[in-house]
Amino acid sequence: MTIEELKKIIGDDIYLRLSKEADKEIALSLKMELVDKWHQDKYYHQRFLLNELSDIFYLFENLKLKILPIEIINILFRCKMVFAVNNEKEYMQRVGSNFYGFWGYKNLGAESLIDIKIKGLFNINEKKLLSHIKFFRGDNNETQDFFDKLFAELDLPFMAYIKDENIINKHKEIEPGYRSYDLKSSIEFFQMPSIAYSVLGSDGYITFYATAHLRAFFNMLRIASFIRPAQIDFDENKISIMAPESPTILGSHCLGCYCWDEYKKRPWEKIPDGAMFLSFGYRGLSEMWLDTRTFEHLSKYISENKIIFEHLSNPWSEKSMKDIEPTLDILSSVTQMQDLGAKILLIYCALEHLFVPGEGKTENKTFIVGGINALKSDLLPWFDELYKLRCSYAHKGYITYNEKLLGFIFISVSNVFSLLVLKLGIK
């Protein structure tokens, strides 16, 4: 697809917005000092513009372009920067890395270079995005079978690589022509244990689209496992809390790097966190148990709430970004929070997010009661109890633990999730 063909599809006004963002990127990059105070080379980091351009992301998905708006910006930025700097080293620093295939085309001129790169962007393929999982216990064969059956029931292109006797043959199918294959190299290739999601599109599109689905799945699995725990481990299992690992495209032979700054990101910007651990309020984290005692519950819970994934068919819709992503993120945090009172506060915050409009600061309870009454009025007595606990924790600074309270928290997480699903069903 040429640049002119692309303009006809998306419209000149949309293309102009993307071009202006690329020009801003160039201006910001050119202001950057090339050497820091320690005399080390500096490299420019592009802005993350998903929130600012969410309407264009949504448009691109509806047009089924299978590329991202920011990929257009990246091409315009990198192509134009070729003609804004003096040498290749400066180019590498101001675009943030050494993008081969840009500087070498300088003699063609900006428009021709942009056209070449746009055409290359639309050379799309189907690939799988892998997300490594860790910190869970259970029989690997049973867990593999559980995921296989669940994904078949969901009828979505998820895949699990937990324990597969045919993993070497699968490696041969995807990467034929190796001199030899062995179990160790195949395990590394699939980053086992891992969950993958298959998507057709550009590499950028595959990464963002699959990330939204993997992130939602991991959050739902944590929530479902928290509501109906298979086993609560009182042992000191010495879980090492590590940063989540970035997902990678299968076959790229890249390993996911640890991402230490996820706390800075908004829910729809975060990478999938495959750390399968939970907190039940015992001042400690437990590895998630995946076993036959709860497989039926987990499968039923996730399948019955498939509407989450139906809305993620366009991850950049308002419901996806404003309702699904933040609520799942909050509830996932509830499962890992160690203080029971903090769990109560987070659950209440999830309700505020679902029902309180705008930047509401007063009468929040009234909005929540109205929302619950409209969606599922029989939950109002439960909310009254939740509100009392929320106020008690806020005023006293603590809530005394008991088994009844822990059970109430399980129910509360389930109820908030149900309210999210009911809200999504409103046309």
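Throughout this document, residue positions are counted from 1 along each chain, in the order its sequence is written. This being a predicted model, a pLDDT of at least 70 is required before a residue's local features are given, and a value of 80 or more before pairs of side-chain atoms are given or counted; all residues contribute to the totals for chains, interfaces and linings. Side-chain figures throughout are based on the complete set of non-hydrogen atoms in the structure, without hydrogens or water.

> So what about the sheet that holds strand β1 (residues 125-132)? Which residues, and what values?
Within a sheet, neighbouring strands are paired by backbone hydrogen bonds and run either parallel or antiparallel to one another. Strand order in this open sheet of four strands is β3-β4-β1-β5, and the pairing throughout is antiparallel. Two strands in the sheet have a free side with no partner beyond their single neighbour: β3 (158-161) and β5 (248-249). By the convention used here, residues are in contact when the closest approach between their heavy atoms is within 4.5 Å. Note on geometry: axes are lines fitted to C-alpha atoms, helical ones only across the stretch in contact, with angles between N-to-C directions running from 0 to 180 degrees. In this description a helix means any DSSP run of H or I spanning at least four residues, a strand means any run of E spanning at least two, and both kinds are numbered starting from the N terminus. Packed onto the sheet, helix α7 (residues 140-154) meets β3 and β4 (194-201) and runs at close to 175° relative to β3. A pair of strands is considered paired only if DSSP assigns at least 2 bridges between the two.

> Can you explain a nonpolar patch on the surface? Please cite residues and give values.
Residues Met 1, Ile 9 and Leu 63 make up a contiguous nonpolar surface patch of about 210 Å² in total accessible area. Mapped onto the secondary structure, Met 1 falls in the segment before α1 (3-10). Burial classes: relative accessible area under 20% of the type maximum marks a residue as buried, over 50% as exposed, and values in between as partly exposed (1.4 Å probe, protein chains only). The exposure class assigned to Met 1 is partly exposed, which follows from its relative accessible area of 30%. Like-charged residues within 9 Å of one another, or nonpolar side chains (Val, Leu, Ile, Met, Phe, Trp, Tyr) within 5 Å, are grouped into patches, provided each residue has over 30% relative accessible area and no salt bridge. A 1.4 Å probe and the Shrake-Rupley method give the accessible areas. Residues count as covered only by the protein chains that appear here. Salt-bridge detection follows one rule: a side-chain nitrogen of Lys or Arg within 4 Å of a carboxyl oxygen of Asp or Glu.

> Run through unusual backbone geometry, naming residues and quoting values.
Across the junction of Met 192 and Pro 193, the peptide omega takes the value -5°, indicating a cis bond. By the secondary structure assignment, Pro 193 is in the loop between α9 (183-189) and β4. Unlike most non-glycine residues, His 39 shows phi in positive territory, near 65°. Counting through the fold element by element, His 39 comes out in the loop between α2 (12-31) and α3 (54-62). Assessed through its relative accessible area of 67%, His 39 is described here as exposed. In the Ramachandran plot, Phe 135 falls in the positive-phi region, its phi being about 65° despite a non-glycine side chain.

> Summarise the layout of surface pockets; cite the residues concerned and give the values.
Cavity: a set of points on a 1 Å grid over the protein atoms alone where a 1.4 Å probe fits but cannot get out. Pocket: an open set with protein on both sides within 12 Å along at least five of seven lines, its lining residues, like those of a cavity, having an atom within 4 Å of a point. Grid points are joined across faces, edges and corners, and a volume is the space filled by probe spheres set on the points. In this model, the largest pocket occupies a volume close to 1,500 Å³. As for the largest pocket, its lining consists of 49 residues, of which Ile 70, Asn 74, Gly 204, Thr 207 and Phe 208 are closest to the centre. Among the secondary structure elements, those contributing two or more residues to the lining of the largest pocket are α4 (69-82), α6 (110-121), β1, α10 (203-227), β5 and α13 (318-336). Here the element with the most residues in the lining of the largest pocket is α10; it accounts for seven residues.

Honestly, it's all geometry; don't read function into it.
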